[in-house]
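What follows is the residue order along each chain.
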Amino acid sequence: MTANLIIIAGVLLIAYAVYGTVQKFRGKAKSSCCGTAEAVLPKKVEDTDRPHYPYSYHIAIDGMKCSNCAVNVENALNASGDTWATVDLGRHRASILAKTRKTEEDFVRALKSTNYKVTAFEEN
């Protein structure tokens, strides 16, 4: 009976490895920490004229582990249309320029639908 269990476990392990390999080649494997198989593309900020952004902020962000995480945060922060964020993954923080005055709650709200949390807020 023990030999049968070992054989069944071996077959299941091989089947799982084959399934994972097929998914990877099909581009459907969830290979990054944030569950995406491909690189997340940054959404372009339309207005990149620095003088249009009189307000400047830095926020610390918890939960980022890979470059896809950083792009997800950047995209979420830039979604409002009046912000221009750049994320420093190594320092776990974002530098944000804004056209209108913002509060910490604005950035918490912007990241609410993601798995990332604002842990510090600084207005410059």
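Check the entry above for the structure.
The structure contained in this document is the topic of the report that follows. (Residues numbered from 1 in each chain as written. Predicted model: local features only at pLDDT ≥ 70, side-chain atom pairs only at ≥ 80, totals over all residues. Heavy atoms only, no water.)

## Focus: the overall build of the protein chain
In step 1: The number of helices and strands found in the protein chain is 3 helices and 4 strands.
In step 2: Going from the N terminus to the C terminus, the protein chain shows its helices and strands as α-β-α-β-β-α-β.
In step 3: Buried residues in the protein chain amount to 31% of all 124 residues.
In step 4: Here the contacts in the protein chain between residues at least 6 apart in sequence split such that 65% fall between residues at least 24 apart. (Helix = DSSP H or I, 4+ residues; strand = E, 2+ residues; numbered from the N terminus. Buried < 20%, exposed > 50% of the residue type's maximum accessible area, 1.4 Å probe, protein only. Contact = heavy atoms within 4.5 Å.)

## Focus: the nonpolar core
In step 1: Residues I59, M64, V73, L77 and I96 are the most contacted members of the largest nonpolar core, which totals 19 residues.
In step 2: At the level of elements, β1 (55-62), α2 (67-78), β2 (83-88) and β3 (93-98) are the ones that each hand at least two residues to this core.
In step 3: With 5 residues, α2 is the largest single contributor of residues to this core.
In step 4: Ignoring anything within four residues of it in the chain, the contact list for I96 reads Y55, S56, Y57, I59, L77, T83, W84, A85 and F107. (Core = buried A, V, L, I, M, F, W, Y, C linked by side-chain atoms within 4.5 Å.)

## What to know about α2
In step 1: Taking 1.5 Å as the rise per residue, α2 with 12 residues should run 16 Å; its terminal C-alpha atoms sit 16 Å apart, in good agreement.
In step 2: In terms of residue burial, α2 counts as a mostly covered element, since 10 of its 12 residues are buried.
In step 3: Of the positions making up α2, those classed as buried are N68, C69, A70, V71, V73, E74, N75, A76, L77 and N78. (Expected span 1.5 Å × (residues − 1).)

## What about the pattern of salt bridges?
In step 1: According to the stated counting rule, one finds 5 salt bridges in the structure shown.
In step 2: The shortest N-O distance in the salt bridge between K102 and D82 comes to 3.0 Å. Within this pair, whereas K102 is found in the loop between β3 and α3 (104-110), its partner D82 is found in the loop between α2 and β2, the two being separated by 20 residues in sequence. Neither K102 nor D82 differs from the other in exposure class; each is buried.
In step 3: What you see here is one network of salt bridges that share partners, running through E105, D106 and R109. (Salt bridge = Lys/Arg side-chain N within 4 Å of Asp/Glu carboxyl O.)

## So, the environment of V118
In step 1: Along the chain, the position of V118 falls in strand β4 (residues 117-123).
In step 2: On a C-alpha basis, the gap between V118 and G63 in space is 9.3 Å, while along the polypeptide they are 55 residues apart.
In step 3: In contact with V118, other than residues within four places in its own chain, are I59, A60, E104, F107, V108 and L111.

## Details of unusual backbone geometry
In step 1: A positive phi angle, close to 55 degrees, is found at H92, a residue other than glycine.
In step 2: Relative to the assigned elements, H92 resides in the loop between β2 and β3.
In step 3: Overall, H92 belongs to the partly exposed group, its relative accessible area being 33%.

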